[in-house]
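Commentary on secondary and tertiary structure
Spelled out from the first residue to the last, the chains are:
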Amino acid sequence: MTQQFYVSPEQLMKDRADFARKGIARGRSVVVLTCRDGIALVAENPSPSLHKLSEIYDRIGFAAVGKYNEFESLRQAGIRFADVRGYSYSRDDVSARGLASVYAQSLGSVFTTEGKPFEVELAVAEVGEDPYSDRLYRLNFDGSIADESNYTVMGGQAEIVNEALSRSWNQDADFASAVRTAVKALSATRSAEGSGNGQAAEPLGAGLLEVAVLDRDPLSTRGTVRAFRRINTVELDRLLSSAEGD
Amino acid sequence: MAPRDPADSIHQAPSSSFTDHLTRHRPELLPSSRSLGPASNGSAAELAPQATTIVSLTYAGGVLMAGDRRATMGNMIASRHIKKVFPADHFSVLGIAGTAGLALDMIRLFQVELEHYEKIEGTPMSLDGKSNRLAAMVRSNLPLALQGLAVVPLFAGFDTQRRTGRLFSYDVTGGRYEEYEHHSVGSGSVFARGALKKLWQPNLDEEDAVRVAVESLYDAADDDSATGGPDMVRRLWPVVYVVNSAGNREIPERELQQLSRDLISRRTAAGLEA
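Remember, predicted model here, so these are calculated numbers, not experimental data. Each chain carries its own residue numbering, running from 1 in the direction its sequence is written. The order in which chains are written sets their letters, starting at A; the order in which ligands are written sets their numbers, starting at 1. Totals for whole chains, interfaces and linings use every residue, but because this is a predicted model, local features are given only for residues with pLDDT of at least 70 and side-chain atom pairs only at 80 or more, for both listing and counting. Water and hydrogen atoms play no part in the side-chain values, which are based on all heavy atoms of the structure.

Once that is clear, we can look at the UniProt feature "active site" (unreviewed entry) in chain B. Residue and element names in this part refer to chain B. UniProt positions are given in the numbering used here, feature names are shortened, and annotations may be inferred rather than shown by experiment. As recorded in UniProt, the sites labelled "active site" (unreviewed entry) are T52. Here a strand is any run of E in DSSP of at least two residues, a helix any run of H or I of at least four, and the numbering for each starts at the N terminus. By the secondary structure assignment, T52 is in the loop between strand 1 (50-51) and strand 2 (54-59). Any two residues whose heavy atoms approach within 4.5 Å are treated as being in contact. When neighbours within four sequence positions are excluded, T52 is seen to be in contact with D68, R70, K84, I96, A97, V185, G186, S187, A226 and T227. Reaching out from T52, the side chain makes a polar contact with the side chain of K84 at a distance of 3.5 Å. Polar contact is defined as a pair of N or O atoms within 3.5 Å, subject to the rule that within protein one atom must be able to donate a hydrogen and the other to accept it, and that residues adjacent in sequence are counted only when both atoms are side-chain atoms.

What follows is the structure in structure tokens.
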């Protein structure tokens, strides 16, 4: 009969957390930030079809980093949760808080009971009537949940991006300048990689980015209650290049 | 235990249909899961409000759908305000005749179904896909239809691949029929169709298309007691939606008011009996 080695719960959880953190650190970063016009979601993502950003419900968006198959299944589950809730109660009864706590519970139970924790980090954002009623939740692989204000960064080199954003974030920015701020912050990781020669950061091009926004007032601007809008490459290109003209 | 075939899990993957999801996990929320039990004596149709005439027609660059505002219960008017035409998604609209309560539920489910697919898949459903999903929903209502609670929708949308407006009608068994030029459903539809046949022309512009739709609804209301005409007292006009390459748009009330007033004064001046 084989003898089972004793592993303390602390050690077990620490090993799992280290494993998940390593998985996430390999991925590129995602920034979600609030501004005057709504919430901008900006991801470094070279794929035009495998999305890291998604619509969940009328005013709720989703961003993720980590393992694609894992956050994709969470994204779909979130859409199903929101649609069932909105269908059986009312569209007004679907909130980011409700969705975030469901995500927290499922991530938490996977972390403690399954063989392998999810290697993902999620953000659930809900755009409000004004910037103060915007909701921004960040969820970790272990089910821990943080209620962020202003902006949140996830993924590989979150600290560098976070630091860059803390210097440049501005609540009164419109979408164009919020997206440019986020792209600049994401590009900061590139200069860190080549920091040996002290060159300036090479900015990320539109082809390497995935950008979406949650409009603050979609009903009067676009005649729909759905706030989520994907910014296509052409539009993004124009938006980024106009920054250089300033 | 036999080793599990990984390919097995593929067809067990959750589908991108909201209705399938409800069927599996929350069947009690489906409108079609309602059962009336064994058929009682007398038709259930007399107990529930009925919605009537819907007209739909194609015009240059798109398709239009219009409905009157009356719901009836036997010989009583159950509602003067009911809406029977709704946007299904950005590029399609849906009108319903038949049992109002069931139809409104079906519309709500259909709207979520289309939006759900779009969010899960990241791309909108094709117009043929949408019309087939609606056929499946009508079919699932067949047991209730046989007890007198039929729902007969009319579906119109802009086909973004073919760049044209198309329209589809259904029967209670879920039969789906593509209609050309124009179509009408509901108790006043025979009269509306007669009007459409005389008034519709190829390549109508949008303004004329709206006028034709309002006029054919007027004719339906003239001869069918279950269809409501323009209500000058309460300022109620038909609900009209147009769908073209820019998406769907509801025609504003003040335009419909003007159209209806012109129509009535024209007919008053003519002073004809029938």
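This paragraph deals with the sheet that holds strand 3 (residues 62-67) of chain B. All names here are of chain B. Pairing is antiparallel in the open sheet, where five strands are placed in the order 11-2-3-12-13. Across the chains shown, the open sheet's two edge strands, defined by having one partner strand only, are strand 11 (182-185) and strand 13 (247-250). Geometrically, the sheet is characterised by an average inter-axis angle of 15° between neighbouring strands, direction not taken into account. Each pair of strands is called paired provided DSSP finds at least two bridges between the two strands. Two strands pair when backbone bridges link them, and strand 12 (residues 239-244) and strand 13 are joined in this way by four bridges, in the antiparallel orientation. Of the residues in strand 13, the one forming a bridge with V242 is R249. With axes taken as lines fitted to C-alpha atoms, and helix axes fitted only over the stretch in contact, angles between N-to-C directions fall between 0 and 180 degrees. The sheet contacts of helix 6 (residues 189-199) involve strand 2 and strand 11, and relative to strand 11 the element is tilted by about 165°.

Now for the packing of helix 6 of chain B against helix 7 (residues 206-223) of chain B. Residues and elements named next belong to chain B. At their nearest, the axes of helix 6 and helix 7 sit 7 Å apart, and the two run at 145° to each other. Crossing angle aside, the handedness with which helix 6 passes helix 7 is right-handed. From helix 6, F191, A192, A195, L196 and L199 reach across to helix 7, where they touch V212, E215, S216, D219, A220 and D223. Residues that form the contact of helix 6 with helix 7 fall into these classes: seven nonpolar, one polar and three charged. Working rule for handedness: look at the near helix, and if it is turned counterclockwise from the far one by less than a right angle, call the crossing left-handed; if clockwise, right-handed. The nonpolar class holds Ala, Val, Leu, Ile, Met, Phe, Trp, Tyr, Cys and Pro. Asp, Glu, Lys and Arg form the charged class, and all remaining residues, Gly among them, are polar.

Between chain B and chain A, the contact holds 17 residues from the first and 15 residues from the second. By convention, the term buried area covers the 1.4 Å-probe accessible surface removed from two parts as they join, with the contributions of both added. It is E115, K119 and I120 of chain B in chain B that bury the most area against chain A; as a group they hold 40% of the surface buried on that side. Salt bridge, as used here, is a side-chain nitrogen of Lys or Arg placed within 4 Å of a carboxyl oxygen of Asp or Glu. In this assembly, chain B and chain A are joined by three salt bridges. Of the charged contacts, one joins E118 of chain B and R226 of chain A as a salt bridge, the two residues approaching to 3.3 Å between their closest N and O atoms.

Here, nonpolar core means buried Ala, Val, Leu, Ile, Met, Phe, Trp, Tyr and Cys residues that are tied together by side-chain atoms lying within 4.5 Å of each other. Note on classification: 1.4 Å probe, protein chains only; a residue is buried when its accessible area is under 20% of the maximum for its type, exposed when over 50%, partly exposed between these limits. One finds L22, F110 and F155 of chain B to be the most contacted residues of the largest nonpolar core, which totals 34 residues. At the level of elements, helix 2 (68-88) of chain A together with helix 2 (18-25), strand 7 (92-99), helix 3 (100-121), helix 4 (127-140), strand 8 (151-159) and strand 9 (164-170) of chain B are the ones that each hand at least two residues to this core. With nine residues, helix 3 of chain B is the single largest residue contributor to this core. Apart from residues lying up to four places away in sequence, F110 of chain B is in contact with A88, L94, K130, R133, L134, M137 and F155 of chain B. Counting 30 residues, the second-largest nonpolar core is a separate cluster that includes C35, A173, L236 and L240 of chain A.

As a per-residue quantity, pLDDT reports the predictor's confidence and falls between 0 and 100. Confidence along chain B averages 90 in pLDDT terms, with 95% of residues attaining 70 or more. Across the assembled chains, the prediction reports ipTM 0.89 with pTM 0.91.

A few words on the packing of helix 2 of chain A against helix 2 of chain B. Contact geometry for helix 2 of chain A and helix 2 of chain B: axes closest at 11 Å, N-to-C directions at 80°. As summarised for this structure, helix 2 of chain A and helix 2 of chain B are arranged roughly perpendicular, according to the angle between their axes. Of the residues in helix 2 of chain B, those touching helix 2 of chain A at R80, D83, V84 and Y87 of chain A are F18, H21 and L22 of chain B. For the contact of helix 2 of chain A with helix 2 of chain B, the class distribution of residues is four nonpolar, one polar and two charged. Angle categories are assigned with fixed cut-offs, so that under 35 degrees is roughly parallel, over 145 is roughly antiparallel, 65 to 115 is roughly perpendicular, and the rest are oblique.

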